[in-house]
Amino acid sequence: MADSLEFIDLRSDTVTKPSLEMRSAMARAEVGDDVYSDDPTVNSLEERVAELFGKEASLFTPSGSLANQLSIRSLVSPGEELICETNSHIARAELGAATFSGITTRTWLAERGLLNASQVLDLAKPDSGPYLVSTTAIAIENTHNFGGGSIQPIEEIALLSRQARELGLFLHLDGARIWNAHVASGISLLEYGKYFETISVCLSKGLGAPVGSLMISNKERISSARVWRKRYGAGMRQVGILAAAGHYALDHNISRLADDHIKAKKLAQVCASAAPSTINPDFVETNIVGLDLSKANVSALEFASSAKQKGLLVSALGKSYLRLVTHMDITDEANERAGAILKELLERAFVLK
Ligand SMILES: Cc1ncc(COP(=O)(O)O)c(C=O)c1O
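Anyway, here's the lowdown on the structure attached to this text. Since the structure is predicted, the reported quantities are computational estimates derived from the model, not experimental observations. (Residues numbered from 1 in each chain as written. Predicted model: local features only at pLDDT ≥ 70, side-chain atom pairs only at ≥ 80, totals over all residues. Heavy atoms only, no water.)

Things to note about the overall build of the protein
The test is simple: For helices the rule is a DSSP run of H or I covering at least 4 residues; for strands it is a run of E covering at least 2, with both sets numbered from the N terminus onward. The reference for a compact globule is 2.2 Å times residues^0.38; the radius of gyration itself is calculated from the C-alpha atoms. In this scheme, a residue with accessible area under 20% of its type's maximum is buried, one over 50% is exposed, and one in between is partly exposed, where area comes from a 1.4 Å probe on protein chains only.
Each helix and strand counted, the protein has 13 helices and 12 strands in total. Radius of gyration (C-alpha) of the protein: 21 Å, near the 20 Å computed for a compact globule of 353 residues. With the C-alpha coordinates aligned to their principal axes, the bounding extent of the protein is approximately 60 × 55 × 35 Å. Considering the protein as a whole, with its 353 residues, one finds that 54% of them fall into the buried category.

Structural notes on the site of the ligand
As a reminder, the rule being used: Whether a residue is near a molecule or strand is decided by its heavy atoms; if any one of them lies within 4 Å of it, the residue is near. Accessible surface is estimated by sampling points in the Shrake-Rupley manner with a 1.4 Å probe; for residues, cover comes only from the protein chains shown. All residues other than Ala, Val, Leu, Ile, Met, Phe, Trp, Tyr, Cys, Pro, Asp, Glu, Lys and Arg, Gly among them, are scored as polar; the first ten of these are nonpolar and the last four charged.
Neighbouring the ligand are the residues S63, G64, S65, N68, H89, E94, E141, N145, D174, A176, R177 and K205. Protein chains shield 83% of the accessible area of the ligand, which is 380 Å² for the free molecule. In terms of residue count, the dominant contributor to the shell around the ligand is helix α3 (residues 64-75) (three residues). Counted by class, the shell around the ligand contains one nonpolar, six polar and five charged residues.

Considering the sheet that holds strand β11 (residues 315-316)
Stated precisely, the cut-off is as follows: The criterion for strand pairing is that DSSP finds at least two bridges linking the strands in question. In what follows, a contact means two residues having at least one pair of non-hydrogen atoms within 4.5 Å. Think of each axis as a best-fit line through the C-alpha atoms, taken over the contacting stretch in the case of a helix, with angles from 0 to 180 degrees between the N-to-C directions.
Here three strands make up an open sheet; going across it, the order is β9-β12-β11 and the pairing antiparallel. Each edge of the open sheet is held by one strand with a lone partner, namely β9 (288-292) and β11. In this sheet, strand β12 (residues 321-325) lies alongside β9 in antiparallel orientation, the contact comprising five bridges. Each residue of the ladder has a partner; that of I288, found in β12, is V325. The sheet contacts of helix α12 (residues 300-309) involve β11 and β12, and relative to β12 the element is tilted by about 40°.

What to know about the packing of aromatic side chains
Applicable threshold: Note on ring pairs: Phe, Tyr and Trp rings are taken, using the six-membered ring of Trp, and paired if centres are within 6.5 Å. Classes follow the plane angle, with under 30 degrees stacked, over 60 edge-to-face and the rest tilted. Whether a charge sits over a ring comes down to the Lys NZ or Arg CZ being within 6 Å of the ring centre and within 35 degrees of the ring normal.
Throughout the structure, instances matching the rule amount to two aromatic pairs. Between the aromatic rings of F53 and W179, the centroid separation amounts to 5.9 Å while the plane-to-plane angle is 70°, which identifies the pairing as edge-to-face. Residue F53 is located in the loop between α2 (40-52) and β2 (57-61), and its partner W179 is located in helix α7 (residues 178-185); the two are separated by 126 residues in the primary sequence. By relative accessible area, F53 is classed as buried at 1%. On the basis of relative accessible area, W179 is assigned to the buried category, the value being 1%. Where W228 meets Y232, the ring centres are 5.9 Å apart and the plane angle is 50°; that geometry is what we call tilted. Between R73 and the ring centre of W228, over which it is positioned, the NZ or CZ distance is 3.4 Å. Over the face of the ring belonging to F283 we find R112, whose NZ or CZ atom lies 4.0 Å from the ring centre.

Things to note about the nonpolar core
The test is simple: Nonpolar core, defined: a set of buried Ala, Val, Leu, Ile, Met, Phe, Trp, Tyr and Cys residues in which side-chain atoms within 4.5 Å join the residues together.
With 53 residues, the main nonpolar core has F60, I138 and W179 as its most contacted residues. Non-local contacts of F60, meaning those with residues more than four positions away in its chain, are made with V42, L45, E46, L203, G212, S213, L214, R229, M236, V239, L242 and A243. Counting residues in each nonpolar core, the second largest holds 32 residues, with A264, A272, I341 and A349 among its members.

A short note on empty space enclosed by the protein
This is how it is decided: Whether a set of points on the 1 Å grid over the protein atoms alone is a cavity depends on a 1.4 Å probe fitting there but being unable to get out, while an open set qualifies as a pocket with protein on both sides within 12 Å along at least five of seven lines; lining residues are those with an atom within 4 Å of a point. Grid points are joined across faces, edges and corners, and a volume is the space filled by probe spheres set on the points.
Within this structure, the stated rule accounts for one cavity of 30 Å³ or more. One number sums up the size of the largest cavity: a volume of about 40 Å³. Taken together, E85, S88, W108, G113, L115, A139, I140, E141, H144 and Q152 make up the lining of the largest cavity. A per-element tally of the lining of the largest cavity places strand β5 (residues 135-141) first, with three residues.

Regarding unusual backbone geometry
Between N142 and T143 the backbone carries a cis peptide bond, its omega angle lying at 0°. The phi dihedral of R112 is positive, around 55°, even though this residue is not glycine. Relative to the helices and strands, R112 resides in the loop between β4 (104-108) and α5 (117-123). We note that D127 has phi near 45°; this positive angle belongs to a residue other than glycine. With respect to the secondary-structure elements, D127 resides in the loop between α5 and β5.

Looking at α12
Rule in force here: What the arc covers is the set of directions going from the helix axis to the C-beta atoms.
Of the residues making up α12, those classed as buried are A300, F303, A304 and A307. Burial along α12 is one-sided: seen end-on, the buried residues are contained in an arc of 100°. Against β10 (312-313), β11, β12 and α13 (332-349) lie the buried residues of α12. Positioned one or two residues after α12, G311 has a phi angle of 95°, which is positive.

Comments concerning the packing of helix α1 (residues 20-28) against helix α10 (residues 240-252)
In plain terms, the rule: Should an angle fall under 35 degrees it is called roughly parallel, over 145 degrees roughly antiparallel, and 65 to 115 degrees roughly perpendicular, with every other angle called oblique. Left-handed describes a crossing in which the near helix is turned anticlockwise from the far one by less than a right angle; the clockwise case is right-handed.
One can describe the packing of α1 onto α10 by two numbers: an axis separation of 8 Å at closest approach and a directional angle of 135°. Here α1 is positioned oblique relative to α10, judged by the angle of their axes. Like other packed secondary-structure pairs, α1 and α10 cross with a definite hand, here right-handed. In this structure, α1 contributes E21, M22, A25 and M26 to the contact, and α10 contributes I241, L242, A244, A245, Y248 and A249. In the contact of α1 with α10, the residues fall into nine nonpolar, no polar and one charged.

Here we look at the layout of surface pockets
By volume, the largest pocket amounts to about 530 Å³. Forming the boundary of the largest pocket are 23 residues, of which R112, F146, G147, G290 and Y321 lie nearest the centre. Looking at the lining of the largest pocket, the element that brings in the most residues is β9, giving three residues. Looking at the lining of the largest pocket residue by residue, the class counts come to nine nonpolar, nine polar and five charged.

Quick look at the structure:
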């Protein structure tokens, strides 16, 4: 068993630790009571992030889940529905939180989570009268986490946004990793911002901050979300120390995401050459590598446990689905070692099949 200090941790990009420089920016932050809107560092972060996406306002939250939930409750009334992809974070990983707002969800299933506007519009049923639940909003995840970090096609987003607006439907973007989509595709944050009524973004994933997400929208929705954030018990006080980490992350850690994408691609290539059925490296567009072990002689859980014995942490997210996520705390050398461990285990896992 490897010493715990030596683990190469590819479970998620949430495992990064704040760098010394980030910690020192946090220590120097000017602070105030944010429930009174008195924290200058939070206020400037909220203004900055809203501007990045061409929106009027934003609200700092402790988690991406809360930013998503405040967003969708600002769009959908109790008894109405939000539609989203089957494997989206909102549908699968927020533990039914939309029920707190009386929101029901229906889902569409898409290969790699990739958006097809007409598939979504076929599902949407606005103004359904007294017989069916009325659709009010649509949520899109970009990049798509369980889809293997896939980037949503911008033409489909544009088409969906145009047609949804004609039908009076709202669009929400779960942009926990929109930074990765922006860096990999070259599409500006302002362009992404145009298509959505509400957006959530996370600073605590690839950008390396210890905590922090934002809901972004117009002034009216943000001021109502500020009340709901407090109601949910997430009004925070001298939280400029966390917002300072967010400013640092935006200043220093966006363009470097390209390195994480290169590392993920390398891991995918190693895995594909050891066991071609596990992954198509062409599908690895950002920092997430999803491995299909359905043709292996071990389950994802067994594979993850053998990897741990060798000092590599990965996530088993399904019976045969393994996720690896590259991030700023993975050096080139650690990435190579991870590749060597994966190669050895994959060759063994496919030997008798
Ligand atoms: C796509 C996506 N959205 C939202 C979240 C929620 O973020 P948090 O863990 O900060 O609640 C995550 C977390 O991994 C995510 O992957």
